[in-house]
Amino acid sequence: MTLARSRPLASRKILDLPALLQLRATARASGKTLVHCHGCFDIVHPGHIRYFQFAKQQGDLLLVSLTADPHVGKGEGRPYIPQELRAENLAALEFVDAVYVNPTPTAVDLLSTLKPDIYIKGREYEHNQHPGFLKERHAVEAYGGRVIFSSGDVIYSSSHIIDSYAAGGGGRIDLEQEKLALFCKRYNVRRSTLLHLMDAIVDRPFTVIGDLVLDRYQYCDASDIAPDAPNMSLVPLEHRDFLGGAAIIARHLAGLGAEPTLITSLGADDASDAALDTLESAGVHVLPIRNRKKIAAKTRFVVDTQKLFTLDECPSTPTDSTNERYVLDQARKLAGAAGGGGEGQTASLILYDAGLGMLTDSLAAALLKQCRSKDTPADARYAKICAGTASSRGKLTRLIDVDLLVATERAIRIATRDHEQGVSALACRILMDHRAAGLLMPLGKKGLMTFDAPDPAAFANSAAWEGKLRSEYLASPINGTIDRLGADEALLATAAALLSATPTHAPNTPANLQQAAYAALLASILQSRTPGHAPLDGHELRTLLDNRPELAD
């Protein structure tokens with residue numbers, strides 16, 4: 001005889017909202033007192049245990065609700081332990097009767113709905129005027145409940161414990177793999193899903209409009225100290241040239257199997273002609289504007305593997321009105337079913353602003369109006385519009401009403417002139433002001449953050465981000481960064497490609513932001529493993545996706 005496996009007791013304590021409401025109704029009918037505790041509980045420490053023990057002594061049933069991952073505002077990399085594991089930790093405690101993962105930023109709505117008899121807070125809140133707690137207290141007292149403060153005789157802090165372990169190095173529990181797996185499970189980031197999306201990128205048309213930069217690495221030998229001043233004397237050895245900016249975005253798309261067309265500004269010099277030949281031979285169709293004297297270039301002087309300084313030869317050359325009309329006309333022709341050579345597929349548009357003049361305010365506004373206006377014929381619209389800037393020189397304020405923005409925290413703070421608010425409030429502001437559907441914020445070697453609004457219409461009545469913004473931290477799953485140059489461009493190209501892809505076997509299930517972010521993060525890591533700009537190889541990215549342990553089949 002085979003015995004059926006029952007759900008573990010701890011797991012049975014983790015309830016959804018209907019089950020929680022049923023528990024409340026049963027307790028009320030039987031005259032039992034429901035006690036409620038709420039918090040993050042990232043690492044359950046002795047202070048929490050005493051807090052829960054005190055709470056259980058105040059009634060018959062103890063409910064512990066915890067803040068869901070997207071709303072834990074305790075800084076980068078927090079929560080350290082994902083919500084699923086935090087819930088399991090709490091449910092395993094004998095004196096905890098029920099656990100609930102609260103999907104909203106505060107417990108106010110839950111308290112008003114559930115109406116527990118007693119709400120327990122730590123002693124530190126007794127004279128605390130924090131607006132969040134005051135709202136919770138008002139919610140409880142409004143229906144006749146009681147707020148009780150625990151004794152607080154032993155005080156610990158999850159944040160302090162995590163910071164102490166991080167500072168000490170040794171002994172820190174590595175949960176990154178577990179967090180990655182739970183992130184992937186939560187957002188359906190599956191191996192088969194990503195590979196199907198990669199298939200759907202092939203032959204898809206893209207139009208890339210933006211600044212091209214020639215990135216030169218001048219390798220040198222630091223032979224001596226200059227005789228006339230206390231500075232280094234360099235002997236040039238060799239140099240390597242890479243095409244960056246919008247050019248490398250287009251090459252990444254070609255490497256993933258798409259059919260990109262690049263509209264960019266070039267000069268009348270030999271380097272511009274060579275860049276054009278390189279791009280065309282790599283599968284990028286180029287529509288150049290020859291409005292520069294010479295190609296925009298940056299030379300980085302490198303000794304061994306260390307970049308010493310950069311010589312910037314990238315003067316801003318604004319696109320004139322004649323060339324603006326040309327760009328608008330070509331963008332209109334490239335949109336729609338025949339765009340870029342991908343027959344039967346609607347093209348997507350990527351705008352990249354390095355601040356060198358290709359995208360002027362008037363051109364960007366006209367492009368976006370042309371692509372989004374209700375008066376624009378369907379065959380002149382793009383399926384997706386994605387945009388990004390080069391560090392702080394590009395102008396984010398030009399990029400309005402797009403499906404995806406890729407921008408660093410520094411670039412956003414410069415664009416908004418806001419150097420004080422937290423990252424979530426900052427992201428909310430840029431999404432609201434730019435009417436963007438999603439934002440990817442690269443964090444260098446650490447990974448990236450994703451921000452999207454479950455309901456974009458929620459921004460209409462208030463600028464507050466609480467409850468309107470879904471944020472996730474995605475840690476870099478692989479180490480080994482050699483050179484970050486071009487990593488953000490690889491991120492933009494890959495995320496835009498996946499968001500534009502529609503799998504043939506599931507045309508009604510396009511990629512979500514987190515699926516695109518995961519694949520894009522791996523692509524940016526591949527890019528950063530070699531010096532300079534290395535165009536993405538679709539086969540290499542597929543192989544990496546196929547072997548990642550956190551991805552379910």
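Up top you'll find the structure we're talking about.
What counts as what
Counting starts from 1 at the beginning of each chain's written sequence and moves along it residue by residue. Local features in this predicted model are restricted to residues of pLDDT 70 or higher, and side-chain atom pairs are both shown and tallied only at a pLDDT of 80 or more, whereas totals for entire chains, interfaces and linings draw on every residue. The basis for the side-chain values is all heavy atoms of the structure; hydrogens and waters are excluded. Classification of ring pairs uses Phe, Tyr and Trp, with its six-membered ring standing for Trp, and accepts pairs whose centres are within 6.5 Å; under 30 degrees between planes counts as stacked, over 60 as edge-to-face, and the remaining range as tilted. We call a residue buried when its accessible area falls under 20% of the maximum for its residue type, exposed when it is over 50%, and partly exposed in between, using a 1.4 Å probe and counting protein chains only. A side-chain nitrogen of Lys or Arg and a carboxyl oxygen of Asp or Glu constitute a salt bridge if their distance falls within 4 Å. In this text, helices come from DSSP runs of H or I with a minimum length of four residues, and strands from runs of E with a minimum of two, each type numbered from the N-terminal end. Convention used here: a crossover is right-handed provided that the path from the first strand, over the helix, to the second strand proceeds clockwise when the strands point away from the viewer. DSSP calls a pair of strands paired once it identifies at least 2 bridges connecting them. Simply put, an axis is a line fit to the C-alpha atoms, just over the touching stretch for a helix, and the angle between two N-to-C directions goes from 0 to 180 degrees. Working rule for contacts: check all heavy atoms of both residues, and any pair within 4.5 Å makes them a contact.

*Asks:* Hey, could you go over the packing of aromatic side chains for me, with residue numbers and the actual values?
*Replies:* Taken as a whole and assessed by the stated rule, the structure comprises seven aromatic pairs. Geometrically, the ring pair formed by Tyr-51 and Phe-52 is tilted, given 5.4 Å between the ring centres and 40° between the ring planes. For the pair Tyr-51 and Phe-52, a shared accessibility class is recorded, and that class is buried. For the ring pair Tyr-217 and Phe-242, a centre distance of 5.5 Å and an interplane angle of 75° mean the geometry is edge-to-face.

*Asks:* Can you tell me about the pattern of salt bridges, naming the residues and giving the values?
*Replies:* Under the counting rule described, the total for this entry stands at 27 salt bridges. The salt bridge involving Arg-413 is made with Glu-409; its shortest N-O contact spans 2.9 Å. Remark: Glu-409 and Arg-413 occur in helix α14 (residues 409–416); sequence separation between them is four residues, near one turn of the helix. Classification of Arg-413 by relative accessible area gives buried; the value is 12%. Connected via shared salt-bridge partners are Asp-69, Glu-84, Arg-86, Arg-186 and Glu-472.

*Asks:* Before we move on, could you go through the pairing of strand β1 (residues 34–39) and cite the residues and values that matter?
*Replies:* In terms of burial, β1 is largely enclosed, as six of its six residues are buried. Taking every second residue as pointing to the same face, both faces of β1 are buried, with Leu-34, His-36 and His-38 on one and Val-35, Cys-37 and Gly-39 on the other. As for the winding sense of the linkage, the β-α-β connection from β1 through helix α3 (residues 46–56) to strand β2 (residues 61–67) is right-handed. Two strands pair when backbone bridges link them, and β1 and strand β4 (residues 118–121) are joined in this way by three bridges, in the parallel orientation. Looking at β4, one finds that Cys-37 is bridged to Ile-120.

*Asks:* Can you tell me about the sheet that holds strand β12 (residues 306–313), naming the residues and giving the values?
*Replies:* Whether parallel or antiparallel, the strands of a sheet pair through hydrogen bonds between backbone atoms. Strand order in the open sheet formed by four strands is β8-β7-β11-β12, and the pairing between neighbours is mixed. Taken across any chain shown, the strands that pair with only one partner, and hence form the sheet edges, are β8 (232–245) and β12. Taking the axes of each pair of neighbouring strands and ignoring which way they run, one obtains an average angle of 20° across the sheet. Pairing geometry for strand β7 (residues 212–225) and β8, over 13 bridges, is antiparallel. Note that in β8 the partner of Cys-220 across the bridge is Pro-236. With respect to the sheet, helix α10 (residues 246–255) is in contact with β7 and β8, its orientation differing from that of β8 by roughly 55°.

*Asks:* So what's going on with the pairing of strand β13 (residues 348–353)? Residues and values would help.
*Replies:* On a regular strand, one side chain projects to one face of the sheet and the next to the other, so that they alternate. Most of β13 is tucked away, with six of its six residues classed as buried. Here β13 shows a buried face lined by Ser-348, Ile-350 and Tyr-352 and a second buried face lined by Leu-349, Leu-351 and Asp-353. Of the strand pairs in this sheet, strand β6 (residues 205–210) and β13 are connected by five bridges, and their pairing is parallel. The partner of Thr-207 across the bridge, within β13, is Leu-349. In this structure, β13 lies alongside strand β14 (residues 385–389), joined through five bridges in parallel fashion. Bridge pairing in β14 links Leu-349 to Ile-385.

*Asks:* Explain the sheet that holds strand β3 (residues 98–102) residue by residue, including any values.
*Replies:* Spatially, five strands are ordered β3-β2-β1-β4-β5 in an open sheet, and the strand pairing comes out parallel. Looking at the sheet topology across the chains shown, the edges are occupied by β3 and β5 (146–149). Adjacent strand axes in the sheet meet at a mean angle of 25° when their direction is disregarded. With five bridges joining them, β2 and β3 adopt parallel strand pairing. What sits directly across from Leu-63, in β3, is Ala-98. Here α3 sits on the sheet and contacts β1, β2, β4 and β5; the angle it forms with β1, its principal contact strand, is near 160°. Here helix α6 (residues 131–142) sits on the sheet in contact with β1, β4 and β5, set at roughly 135° to β5.

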